[in-house]
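Next come the chains, spelled out residue by residue.
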Amino acid sequence: MNSTIIVVISGLLTAFFVFASSIKILGWQKMIFETQLKFFKKYGFNRMIMAMVGFVEMLAQPNEPEASPAQAITTLTPSALGPTPDIHDNPAERDTGLVHFH
């Protein structure tokens, strides 16, 4: 796939998640905020949980198209959780069961 298309799609997804999370955190768009808050309350969650979900949405953006979930979570603070597994390991080493960190 063309790298330009990947960059555009990644940019659009990032913008969407920043938009959605900002509503959960700040509540600046009243109609969407109240609808989402009703949904959270329906399942027994409160406003604090909704804000925490908003922060996770905002921070969990992959930094490259082929990023693993572990890399996506640590995008803004890559050293916060320690080293991440190398997703491009040597095929000969896969059978050993070893995970290589960088």
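As shown above, the structure is provided for reference.
What you see is a predicted model, and the numbers here were worked out from it, not measured in a lab.

### Topic: the nonpolar core
In step 1: Residues Ile23, Phe33, Leu37, Phe40 and Met50 constitute the largest nonpolar core, which totals five residues.
In step 2: The greatest single-element share of this core, amounting to three residues, is contributed by helix α2 (residues 30–42).
In step 3: Excluding anything up to four places from it in sequence, Leu37 contacts Arg47 and Met50.

### Observations concerning α2
In step 1: End to end, α2 covers 18 Å across 13 residues, agreeing with the expected 18 Å (1.5 Å per residue, within 8%).
In step 2: Considered for burial, the residues of α2 that qualify are Phe33, Leu37 and Phe40. Projected down its long axis, α2 shows its buried positions confined to an angular sector of 60 degrees, all on one face. Within α2, the exposed residues directed more than 90 degrees away from the buried face are Met31, Thr35, Lys38, Phe39 and Lys42.

### Considering the environment of Phe19
In step 1: With respect to the element layout, Phe19 can be found in helix α1 (residues 3–26).
In step 2: On the basis of relative accessible area, Phe19 is assigned to the partly exposed category, the value being 37%.
In step 3: Measuring from C-alpha to C-alpha, the distance between Phe19 and Glu57 comes to 9.6 Å, with 38 residues separating the pair along the chain.
In step 4: If we skip the residues at most four places from it in the chain, Phe19 touches Trp28 and Ile32.

Thresholds applied
Residues numbered from 1 in each chain as written. Predicted model: local features only at pLDDT ≥ 70, side-chain atom pairs only at ≥ 80, totals over all residues. Heavy atoms only, no water. Core = buried A, V, L, I, M, F, W, Y, C linked by side-chain atoms within 4.5 Å. Buried < 20%, exposed > 50% of the residue type's maximum accessible area, 1.4 Å probe, protein only. Helix = DSSP H or I, 4+ residues; strand = E, 2+ residues; numbered from the N terminus. Contact = heavy atoms within 4.5 Å. Expected span 1.5 Å × (residues − 1). Arc of directions from axis to C-beta.

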